[in-house]
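# Residue-level structure breakdown
Next come the chains, spelled out residue by residue.
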Amino acid sequence: METIWLYQFRLIVIGDSTVGKSCLIRRFTEGRFAQVSDPTVGVDFFSRLVEIEPGKRIKLQIWDTAGQERFRSITRAYYRNSVGGLLLFDITNRRSFQNVHNWLEEAQSHVQPHSIVFLLVGHKCDLEAQRQVTQQEAEKLAGAFGMRYVETSARDAINVEKAFVDLTRTIFDLVRNGDIKIQDGWEGVKSGFVPNTVHSSEEVAKGNRQCYC
Amino acid sequence: MASEELGLNHHLDTACNTSPEGTDLGLSEEEPEMENVLTETESAEVGGDTKHDESSEEQTYSQETLDMYLINLHRIDKDVRRCDRTYWYFTPENLEKLRNIMCSYVWQHLDTGYVQGMCDLLAPLLVILDDEVMAFSCFTELMKRMNQNFPHGGAMDSHFANMRSLIQILDSELFELMQQNGDYTHFYFCYRWFLLDFKREMVYDDVFSVWETIWAAKHMSSEHFVLFFALALVETYRDIILENNMDFTDIIKFFNEMAERHNVPQVMTMARDLVHKVQTLIENK
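Model, not experiment: these values are computed from the prediction.

## Some words on the overall build of chain A
Scanning chain A for helices and strands turns up 7 helices and 7 strands. Overall, chain A shows an N-to-C arrangement of helices and strands of β-α-β-β-α-β-α-α-β-α-β-α-β-α. Every one of the 213 residues in chain A was classed for burial, and the buried ones make up 54%. Of the roughly 9000 Å² that chain A leaves accessible, carbon and sulfur atoms contribute 48%.

Dropping the structure here:
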């Protein structure tokens, strides 16, 4: 049951309701697509291992959030301990694109003193005929926020793997270069269990069971 | 009561269908998720048609009220469309009933408005009663208790605190494991249980029996049967949780995967035993 991983990254997925957050995560973690899915209430949790380089596995903990404003008080608590995020909009729903900057503000005001590496995701790209947001304008917005942009489809499994893996790789590089540091009391990044590495006595005393998957 | 409701519905339908799209599927994309983005075009559309027509209407409503209601209608439409679609009962015709009831309820509770999860609470009532007026009345009654569990109600933290206390008293070994993970915010794995009275944890037949038990228990044994059922769910799997040394994310994941797979009669028996156990403890104190 135990799997060895180098780091654990905690990601959060946000965006308006019905943009397809849960479906995207399910496609990534379970490899399947459900035509209808229950509205997420509060937050939901998923996880998956990603091999970023041969032999280098990252455990992703993914928090799925309710899109509705009313649950903001619950979802808010999960920003602080996230190192990365997928900010979703639905390419067939202009309003969800217009709300992207509100979501970003919401996240940024609750993540202090940390920060979240975001990826902008235009979802439901299989519905090209109903597109209301062009790839160019989405890329422009992402650029303005210093993010990358990717278009995905959970239904047709387009770029789902790429979205999560690219974000993971970006965070991995930041961690490796020391731009993102592992800190006590912060769950965003945790170092994992590596064979022949002795955990510090401090970790043992705190009762962290970081090797458990 | 019934005629009053119908009258209200009729009035609302008139008010709301002033939007050219009416209840059309296309409406969903208009919904502003963030409070600061209200759609002006829709307001204008409503305003055009509801101008103080006092001769034919008993009451007029402020533009603000109507705008608020329209936003709620869009939220309702989004969720009705995806409510338990795999269950045989929810044909387009019956989904329309669900929608009618929810629209009526939200109109009467516009201060709170529609919150995701409400459809989950209404659906089993409609399935059993198959009658809009009856289901509306029962749902209104049910929401008097359930409202407090929604984010605006603030009761969730006390549920978590109660769970923590009960586990501390009844299962110190499990309590110790959970303690390693910090405070009772880590009882988050029961959030959906309390919010929806376990509705998403079980198949419909089990929902009916658990809900009836919760309602009856209030008069027969404990007002807090919900808490004991939650405790029984945890205790049912306590060995698995302990053996695998699960942290709170593992527990969330575990219960997500177990949804609709519980042996509910067995959990129910354990819940009853736990009520008895705690009551005995209190009596012998």
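There's more to say after this.
## Some words on the packing of aromatic side chains
Under the definition given, this model contains 28 aromatic pairs over all chains. Ring geometry for Tyr-87 of chain B against Trp-88 of chain B: centres 5.6 Å apart, planes inclined by 45°, an arrangement best described as tilted. Residue placement shows Arg-48 of chain A over the ring face of Phe-28 of chain A; its charged tip is 4.1 Å from the ring centre.

## Topic: the interface of chain A and chain B
In this assembly, 40 residues from chain A lie in contact with 45 residues from chain B. Summed over both partners, the interface of chain A with chain B buries about 3600 Å², with 50% contributed by carbon and sulfur atoms. There are 1 salt bridge connecting chain A and chain B. Close ionic contact of Asp-38 of chain A with Arg-200 of chain B constitutes a salt bridge, the shortest N to O distance being 3.9 Å. Our count for the contact surface shared by chain A and chain B stands at 9 residue pairs in polar contact (both at pLDDT 80 or more). Elements with a minimum of two residues in the side of chain A that touches chain B: β2 (43–53), β3 (56–65), α2 (72–75) and α4 (100–111) of chain A. For the side of chain A that touches chain B, the element with the most residues is β2 of chain A, which contributes 4 residues.

## Let's talk about the environment of Arg-57 of chain A
Residue and element names in this part refer to chain A. Here Arg-57 is to be found in strand β3. Separated by 94 residues in sequence, Arg-57 and Glu-151 have C-alpha atoms that sit 25 Å apart. Separated by 3.2 Å, the side chain of Arg-57 and the backbone oxygen of Ile-4 make a polar contact.

## A short note on the packing of helix α5 (residues 118–129) of chain B against helix α6 (residues 132–146) of chain B
All names here are of chain B. Running from N to C, α5 and α6 cross one another at 140°; their axes reach a closest spacing of 9 Å. In terms of orientation, α5 lies oblique with respect to α6. In this structure, the crossing between α5 and α6 has a hand that is right-handed. Counting all contacts with α5, which are made through Met-118, Leu-121, Leu-122, Leu-125, Leu-126 and Leu-129, the residues of α6 involved are Met-134, Ala-135, Cys-138, Phe-139, Leu-142, Met-143 and Met-146. For the contact of α5 with α6, the residue count by class is 13 nonpolar, no polar and no charged.

Rules and cut-offs
- Residues numbered from 1 in each chain as written.
- Chains lettered and ligands numbered in written order.
- Predicted model: local features only at pLDDT ≥ 70, side-chain atom pairs only at ≥ 80, totals over all residues.
- Heavy atoms only, no water.
- Helix = DSSP H or I, 4+ residues; strand = E, 2+ residues; numbered from the N terminus.
- Buried < 20%, exposed > 50% of the residue type's maximum accessible area, 1.4 Å probe, protein only.
- Areas by Shrake-Rupley, 256 points an atom, 1.4 Å probe, with all protein chains shown as cover.
- Phe/Tyr/Trp six-rings, centres within 6.5 Å; stacked < 30°, edge-to-face > 60°.
- Lys NZ or Arg CZ within 6 Å of the ring centre and 35° of its normal.
- Contact = heavy atoms within 4.5 Å.
- Buried area = accessible area lost by both parts, 1.4 Å probe.
- Salt bridge = Lys/Arg side-chain N within 4 Å of Asp/Glu carboxyl O.
- Polar contact = N/O pair within 3.5 Å; in protein donor to acceptor, adjacent residues only side chain to side chain.
- Axes fitted to C-alpha atoms, helices over the stretch in contact; angles between N-to-C directions.
- Parallel < 35°, antiparallel > 145°, perpendicular 65-115°, else oblique.
- Left-handed = near helix turned anticlockwise from the far one by under 90°.
- Nonpolar A, V, L, I, M, F, W, Y, C, P; charged D, E, K, R; others polar.

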